[in-house]
Amino acid sequence: MKTLFVTCIVLLGLTATTAGAMSFTLDGDAASNIDTYPATSVSLTSGLNGLVTDLNVQIELGDENSSETFWKNINLWIEHNGVSVSLMSQGGSNFFGGVFDVVFDDAASAQVSNDFTSVNAEGTFKSLESLSAFNGLDLVGEWTLVFLDTYLPGDGTDLISWSLTGTVADSSTQPVPEPTTIALLAIGLIGLAAFKRA
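So, here's what we can say about the structure. (Residues numbered from 1 in each chain as written. Predicted model: local features only at pLDDT ≥ 70, side-chain atom pairs only at ≥ 80, totals over all residues. Heavy atoms only, no water.)

### Here's the deal with the overall build of the protein chain
Here's step 1: In terms of helices and strands, the protein chain carries two helices and 12 strands.
Here's step 2: Going residue by residue from the N terminus, the α and β elements of the protein chain occur as α-β-β-β-β-β-β-β-β-β-β-β-β-α.
Here's step 3: Taking all 198 residues of the protein chain together, the buried fraction comes to 37%.
Here's step 4: Pairs at least 24 apart in sequence give 76% of the contacts found in the protein chain among residues at least 6 apart.
Here's step 5: Just so you have it, the protein chain exposes about 10400 Å², and 57% of that area is on carbon and sulfur atoms. (Helix = DSSP H or I, 4+ residues; strand = E, 2+ residues; numbered from the N terminus. Buried < 20%, exposed > 50% of the residue type's maximum accessible area, 1.4 Å probe, protein only. Contact = heavy atoms within 4.5 Å. Areas by Shrake-Rupley, 256 points an atom, 1.4 Å probe, with all protein chains shown as cover.)

If you want it as structure tokens, here you go:
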């Protein structure tokens with residue numbers, strides 16, 4: 001009977017689940033002339049608490065006169081809480097201007113191409129390194145985008161917009177018992193009563 005009671009308690013621990021996750025969107029400020037050497041960084045500060053479970057990064061580049069820019073010159077990464085993830089690393093080409101309006105998402109199938117023949121980058125792409133590196137970190141605090149142009153800096157590339165989206169574990173949500181858990185609880189209480197009588 002003692003074995004039955006202990007078994008029920010272990011199973012209770014395994015079947016308790018935490019309900020849901022919370023979605024978030026954090027918008028950063030625009031910035032001018034970000035294609036620099038040494039690097040230029042822009043930051044936003046999150047006041048939201050919660051452990052990151054999924055992170056996506058939206059970035060649009062352009063210049064003051066056109067939606068097109070020489071984005072192929074730029075190396076780009078994001079930093080938070082001591083972790084740095086490379087979003088893209090380009091080989092450099094100042095011959096083709098193009099549109100850059102991208103969401104970096106681990107669920108995408110392809111990375112941004114550094115092939116000189118692909119002029120535009122629009123849609124959803126994988127980052128060069130996985131954004132899952134931020135999973136388990138608290139969303140609160142400073143998030144920093146870093147831009148570096150080692151090919152031909154200073155050609156007027158602007159950061160039109162950027163944002164972070166994703167989900168965090170809801171730390172305010174308490175474990176919610178499933179029906180199986182409730183049944184095991186009843187069995188455990190019966191086992192406890194029998195154990196005390198033995």
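After that view, the rundown keeps rolling.
### Notes on the pairing of strand β11 (residues 158-169)
A regular strand places its side chains on the two faces of the sheet in alternate fashion.
Here's step 1: Bridge analysis of strand β2 (residues 21-28) against β11 gives eight bridges, and the strand direction is antiparallel. Residue pairing across strands places Asp27 opposite Ser163, the latter belonging to β11.
Here's step 2: By the bridge criterion, 11 bridges tie strand β4 (residues 51-62) to β11 in an arrangement that is antiparallel. Across the sheet, residue Gln58 finds its bridge partner in β11, namely Ser163. (Pairing = 2+ DSSP bridges.)

### Topic: the environment of Asn120
Here's step 1: Along the chain, the position of Asn120 falls in the loop between β8 (98-104) and β9 (121-125).
Here's step 2: Looking at Asn120, the relative accessible area reads 44%, which means it is partly exposed.
Here's step 3: Excluding anything up to four places from it in sequence, Asn120 contacts Trp71, Gly98 and Val99.
Here's step 4: Of the polar contacts made by the side chain of Asn120, one reaches the backbone nitrogen of Val99; its length is 2.8 Å. (Polar contact = N/O pair within 3.5 Å; in protein donor to acceptor, adjacent residues only side chain to side chain.)

### Thoughts on the side chain of Ser86
Here's step 1: Following the sequence through the fold, Ser86 ends up in strand β7 (residues 83-89).
Here's step 2: Contact partners of Ser86, with chain neighbours within four places excluded, come to Leu76, Trp77, Ser127, Leu128 and Glu129.

### Quick notes on the sheet that holds β7
Here's step 1: Strand order in the open sheet made by the four strands is β3-β10-β6-β7, with antiparallel pairing throughout. In the strand order of this sheet, the two ends are held by β3 (40-46) and β7, each with one partner. When the angles between neighbouring strand axes are averaged without regard to direction, this sheet yields 20°.
Here's step 2: Across six bridges, strand β6 (residues 74-80) lies against β7 in antiparallel orientation. Bridging across to β7, Trp77 finds its partner in Ser86. (Axes fitted to C-alpha atoms, helices over the stretch in contact; angles between N-to-C directions.)

### Notes on the pairing of β3
Here's step 1: Burial along β3 is one-sided: the residues Thr40, Val42, Leu44 and Ser46 are buried and none of Ser41, Ser43 and Thr45 is.
Here's step 2: Across seven bridges, the pairing between β3 and strand β10 (residues 141-149) is antiparallel. When the bridges of β10 are listed, Ser46 appears paired with Gly141.

### Things to note about the environment of Ser113
Here's step 1: Checked against the element boundaries, Ser113 lands in the loop between β8 and β9.
Here's step 2: Between the C-alpha atom of Ser113 and that of Met88, which follows or precedes it by 25 residues, the distance is 8.9 Å.
Here's step 3: The residues touching Ser113, leaving out its near neighbours within four places in the chain, are Trp71, Lys72, Gln90 and Ser118.

### As for the environment of Leu128
Here's step 1: One can find Leu128 in the loop between β9 and β10.
Here's step 2: The spacing of Leu128 and Val112 is 16 residues in sequence and 8.3 Å in space, taken between C-alpha atoms.
Here's step 3: In this view, Leu128 contacts Ser86, Leu87, Met88, Ser89 and Gln111; residues no more than four positions away in its chain are not counted.

### What about the nonpolar core?
Here's step 1: Grouped together as the largest cluster of nonpolar side chains are 35 residues, with contacts concentrated most on Val57, Ile59, Ile78, Phe100, Phe104, Leu145 and Leu164.
Here's step 2: The dominant element in this core, judged by the number of residues it contributes, is β4, at five residues.
Here's step 3: With residues near it in sequence (within four places) discarded, Phe100 still touches Ile59, Glu60, Leu61, Trp71, Met88, Val112 and Ala121. (Core = buried A, V, L, I, M, F, W, Y, C linked by side-chain atoms within 4.5 Å.)

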